[in-house]
Amino acid sequence: EEYVLMDPEQMLDNLNGEWRLQLIADKRGDGVKFFNSTVAWQQVDKDSMTFRSLSPQGFLTIEQSGKVKFNAKKRILRRRKVEVTGGGGVFASLFGKSGAVGAVRAERQVILVDSTMLVTRGVPSTRGPNDDDEKDYFAVWRRVEPGTQ
C-alpha cells in the first residue's frame, strides 16, 4: 500500500553522474507539462557533493553550479551556494521554480534512481502554495555518458 524508497546510500551512489532531462509530467502521469527538446542537463558528483547544470530559459541558457546536500531520511536533494552564469541570473531568480530550470534548481525529492533513469518530485515550498504547485510534477531524467551535455 506504500512505495518503499531505496536505501539512501545506494540512492546517492546511483545519483552520481550526468543526467539529461527528458520530460516533466503531472502528478497523475497522464500529461506532460514540459518535453525537453533542448538541452537541460545536470551533473552530480557525490564525492565532492557538488553539481553543475545547463538549462534553457527563453532565449538564454542558464548555467548553475554549487554544493549539494542530500537528506537521507526524506531523500531530498538541495542545492546550496548556487552560482548562476550564462547571462541568465535574473531569469533564474524570476523563473527558478518552473520548467527545466526548476527541475534542477528547486529542492527535489528523489523517487527513483538506477543505472539509466532518475525520477524526482518537487518539494513544496515552506512559504505556502504558489500558482503552479511544484510538488505536483515529476521530472524524468536519463543518464548520459560523461561529457555529453
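Just so we're clear, the structure is a prediction, and the values are computed from it rather than from any experiment. As a convention, each chain's residues are numbered from 1 in the sequence order in which they are written. Whole-chain, interface and lining totals are the exception, using all residues; otherwise, since this is a predicted model, local features are given only for residues with pLDDT of at least 70 and side-chain atom pairs are given and counted only at 80 or more. The basis for every side-chain value is the complete set of non-hydrogen atoms in the structure, without hydrogens or water.

*Asks:* Got a minute to help me understand the overall build of the protein chain in this structure?
*Replies:* A count of helices and strands for the protein chain gives three helices and nine strands. Burial status follows relative accessibility: with a 1.4 Å probe on protein chains alone, a residue under 20% of its type maximum counts as buried, one over 50% as exposed, and anything between as partly exposed. Of all 149 residues assigned to the protein chain, the portion counted as buried reaches 40%. The accessible surface values rely on the Shrake-Rupley method and a 1.4 Å probe; as for residues, cover is taken only from the protein chains in view. Summing over all exposed atoms, the protein chain offers an accessible surface of approximately 8500 Å²; the carbon and sulfur share of this is 51%. Numbering of helices and strands runs from the N terminus, with a helix taken as a DSSP run of H or I at least four residues long and a strand as a DSSP run of E at least two residues long.

*Asks:* Even after reading the chapter, I still don't get the environment of Arg78, so can you show me in this structure?
*Replies:* Within the secondary structure, Arg78 sits in strand 6 (residues 76-85). A sequence separation of 29 residues divides Arg78 from Glu107, and the C-alpha atoms of the two residues are 4.9 Å apart. A contact between two residues is defined here by any heavy atoms of the two lying within 4.5 Å. Excluding anything up to four places from it in sequence, Arg78 contacts Lys67, Val68, Lys69, Asn71 and Glu107. Identification of polar contacts relies on pairs of N or O atoms within 3.5 Å, with a donor-acceptor requirement for protein atoms, meaning one able to donate a hydrogen and the other able to accept it, and with residues adjacent in sequence counted only if both atoms are side-chain atoms. A distance of 2.9 Å separates a polar atom in the side chain of Arg78 from a polar atom in the side chain of Glu107.

*Asks:* Would you explain the pairing of strand 6 in this entry?
*Replies:* If a strand is regular, its side chains alternate between the two faces of the sheet. In this scheme, strands are said to pair when DSSP sees at least two bridges between them. As paired elements, strand 5 (residues 60-71) and strand 6 share eight bridges and run antiparallel to each other. By the bridge assignment, Val68 is partnered in strand 6 with Arg79. The hairpin formed by strand 5 and strand 6 contains four residues between the paired strands, and Arg75 there has a positive phi angle of roughly 60 degrees. Across two bridges, the pairing between strand 6 and strand 7 (residues 108-113) is antiparallel. Across the sheet, residue Leu77 finds its bridge partner in strand 7, namely Arg108.

*Asks:* Looking at this structure, I do not really get the side chain of Gln42. What am I missing?
*Replies:* Relative to the assigned elements, Gln42 resides in strand 3 (residues 41-45). Polar side-chain contacts of Gln42 include one of 2.4 Å to the side chain of Arg79.

*Asks:* So what exactly am I meant to see when it comes to the pattern of salt bridges here?
*Replies:* Close approach of charged atoms allows side chains with opposite charge to pair. Salt bridge, as used here: a side-chain nitrogen of Lys or Arg that lies within 4 Å of a carboxyl oxygen of Asp or Glu. Per the counting criterion, the structure on display carries three salt bridges. Taking the shortest distance from any N to any O, the salt bridge between Arg78 and Glu107 comes out at 2.9 Å. With Arg78 in strand 6 and Glu107 in the loop between helix 3 (99-105) and strand 7, this residue pair connects regions lying 29 residues apart in the sequence. A single salt-bridge network, built from bridges that share partners, covers Asp13, Lys46 and Asp47.

*Asks:* Can you walk me through the nonpolar core in this structure?
*Replies:* Most often, soluble globular proteins keep nonpolar side chains buried together rather than apart. In this description, a nonpolar core means a group of buried Ala, Val, Leu, Ile, Met, Phe, Trp, Tyr and Cys residues linked to one another through side-chain atoms lying within 4.5 Å. Counting 17 residues, the largest nonpolar core has Leu15, Val110, Val113 and Leu118 as the members making the most contacts within it. Sequence-distant contacts of Val113, defined by excluding residues within four places in its chain, comprise Met6, Met11, Asn14, Leu15, Trp19 and Leu118.

*Asks:* Quick question: what am I supposed to make of the packing of aromatic side chains here?
*Replies:* Remark: the centre distance and the inter-plane angle together describe each pair of aromatic rings, the angle taken between the planes. Note on ring pairs: Phe, Tyr and Trp rings are taken, using the six-membered ring of Trp, and paired if centres are within 6.5 Å. Classes follow the plane angle, with under 30 degrees stacked, over 60 edge-to-face and the rest tilted. One pass over the structure, following the stated rule, counts zero aromatic pairs. Across the ring face of Phe51, the terminal group of Arg79 is positioned such that the distance to the ring centre comes to 4.8 Å. Comment: the charge-over-ring label is applied if NZ (Lys) or CZ (Arg) is within 6 Å of the ring centre and within 35 degrees of the ring normal.

Purely spatial values, then, with no claim about function.
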